[in-house]
Amino acid sequence: MKQLRKLCLLFVFAVMILTLISACQSPSIDTPPSTEPSKPVDPNVLSTVPLSQEVCKEISEILNVNLENYPKRCPGPVWYYGTINGCIVTFKETNLHVESYIRVADCEFRYHSSFLILVYREGEGCTLEEAYDKGWLNKAHVKQLEERHPKVLEEMKQAHKEWQETQKT
């Protein structure tokens, strides 16, 4: 009887250890399980995956912009288009309050105030025009950014509206 009891306890202990080991290998609760096999990221497709705080800090220093509150939804001078071909692309509002536009590779970006579209790549920063001239971005890349531009402006508008609501209280 004692031997059966020891064997049962040993069995329960083994099951607990196996459960613990398998729990350590499964994805975390915060990460939903993928329904697709892992695919490599296509560098030619604009990705809007959020940036890490470390990357934001580095970009802020190189581009001389404030990404301190990214990815929090709050007003600020910079907004994120995404990453394409190894380039992280951001919007920066400047101080002139006149409608302006940027034209690059037959694409046009308009805004009700002056602005820049800044690009960061491998420790270096420049404007969208310069990134295009350097060959970091091609016409197809710029076209994807042009298509995303209205969404970036809408996100900025929504974030500003939400921020204003918090200031009322």
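Right above here is the structure, for reference.
Residues numbered from 1 in each chain as written. Predicted model: local features only at pLDDT ≥ 70, side-chain atom pairs only at ≥ 80, totals over all residues. Heavy atoms only, no water.

Engineer: Could you clarify how one ought to interpret the overall build of the chain in this entry?
Structural biologist: What the chain contains, in helices and strands, is 4 helices and 6 strands. The helix and strand sequence of the chain, counted from the amino end, reads α-α-β-β-β-β-β-β-α-α. As displayed, the chain has an accessible area near 11,900 Å², and 58% of this comes from carbon and sulfur atoms. (Helix = DSSP H or I, 4+ residues; strand = E, 2+ residues; numbered from the N terminus. Areas by Shrake-Rupley, 256 points an atom, 1.4 Å probe, with all protein chains shown as cover.)

Engineer: Looking at this structure, how should I read the nonpolar core?
Structural biologist: The tendency in soluble globular proteins is for nonpolar side chains to be buried as a group. Counting 26 residues, the largest nonpolar core has Phe109, Val119, Leu128 and Leu137 as its most contacted members. Mapped by element, the contributors of at least two residues to this core are strand 1 (78–84), strand 2 (87–93), strand 3 (100–104), strand 4 (107–111), strand 5 (115–121), helix 3 (128–134) and helix 4 (139–168). Cys56, Ile88, Leu118 and Tyr120 belong to the second-largest nonpolar core, a separate cluster that totals 8 residues. (Core = buried A, V, L, I, M, F, W, Y, C linked by side-chain atoms within 4.5 Å. Buried < 20%, exposed > 50% of the residue type's maximum accessible area, 1.4 Å probe, protein only.)

Engineer: Where do I start with the packing of aromatic side chains in this structure?
Structural biologist: Centre distance and the angle of the planes are the two values used to describe a pair of aromatic rings. For the structure shown, the criterion picks out 3 aromatic pairs. Here phenylalanine 91 and tyrosine 111 contribute two aromatic rings whose centre-to-centre distance is 4.9 Å and whose plane-to-plane angle is 80 degrees, an arrangement assigned as edge-to-face. With a gap of 20 residues between them, phenylalanine 91 in strand 2 and tyrosine 111 in strand 4 connect regions that are remote in the sequence. For the pair phenylalanine 91 and tyrosine 111, one class covers both residues: buried. Consider the rings of tyrosine 111 and phenylalanine 115, whose centres lie 5.9 Å apart with planes at 80 degrees: the pair is edge-to-face. Of the two residues, tyrosine 111 and phenylalanine 115, neither departs from the other in class, the shared state being buried. (Phe/Tyr/Trp six-rings, centres within 6.5 Å; stacked < 30°, edge-to-face > 60°.)

Engineer: Hey, could you run me through helix 2 (residues 53–63) in this one?
Structural biologist: Think of an α-helix as turning once every 3.6 residues; residues three or four places apart then point the same way. Listed as buried for helix 2 are Cys56, Ile59, Ser60 and Leu63. Looking straight down helix 2, one finds that the buried residues subtend no more than 105 degrees of arc, so they occupy a single side. Of the exposed residues in helix 2, those oriented more than 90 degrees away from the buried face are Glu54, Lys57 and Glu61. Of the surrounding elements, those touching the buried residues of helix 2 are strand 2, strand 5 and strand 6 (124–127). Taken from the residues just after helix 2, asparagine 64 is the one with a positive phi, measuring 55 degrees. (Arc of directions from axis to C-beta. Contact = heavy atoms within 4.5 Å.)

Engineer: Before we go on, may I ask you to explain unusual backbone geometry in this structure?
Structural biologist: Backbone phi values are negative for most residues with the exception of glycine, while trans is the configuration of most peptide bonds. Notably, alanine 105 is not glycine yet its phi reads approximately 50 degrees, a positive angle. Tracing the chain through its elements places alanine 105 in the loop between strand 3 and strand 4. Positive phi, normally seen in glycine, also occurs at aspartate 106, with a value near 60 degrees. On the secondary structure map, aspartate 106 appears in the loop between strand 3 and strand 4. Residue aspartate 106 is classed as exposed on the basis of its relative accessible area, which comes to 67%.

Engineer: When you look at the pairing of strand 6 in this model, what are you seeing that I'm missing?
Structural biologist: Here is the key point about a regular strand: its side chains alternate between the two faces of the sheet. Taken together, the 4 bridges between strand 5 and strand 6 define a ladder with antiparallel strand orientation. By the bridge assignment, arginine 121 is partnered in strand 6 with glutamate 124. In this structure, the hairpin formed by strand 5 and strand 6 is closed by a connection of 2 residues, where glutamate 122 is found at a positive phi of approximately 45 degrees. (Pairing = 2+ DSSP bridges.)

Engineer: Got a minute to help me understand the environment of lysine 92 in this structure?
Structural biologist: Summarising the element assignment, lysine 92 is placed in strand 2. For lysine 92, a relative accessible area of 21% gives the class partly exposed. The spatial distance from the C-alpha of lysine 92 to the C-alpha of leucine 118 is 7.2 Å, given a sequence separation of 26 residues.

Engineer: Whenever I open this one, the environment of phenylalanine 109 confuses me. Can you help?
Structural biologist: With respect to the helices, strands and loops of the structure, phenylalanine 109 is situated in strand 4. Residue classification places phenylalanine 109 among the buried residues on the basis of a relative accessible area of 0%. Linking phenylalanine 109 and arginine 148, residues 39 residues apart in sequence, is a C-alpha distance of 10.0 Å. Apart from residues no more than four positions distant in its own chain, phenylalanine 109 is found in contact with Tyr81, Ser100, Tyr101, Ile102, Phe115, Ile117, Leu128, Val142, Leu145, Glu146 and His149.

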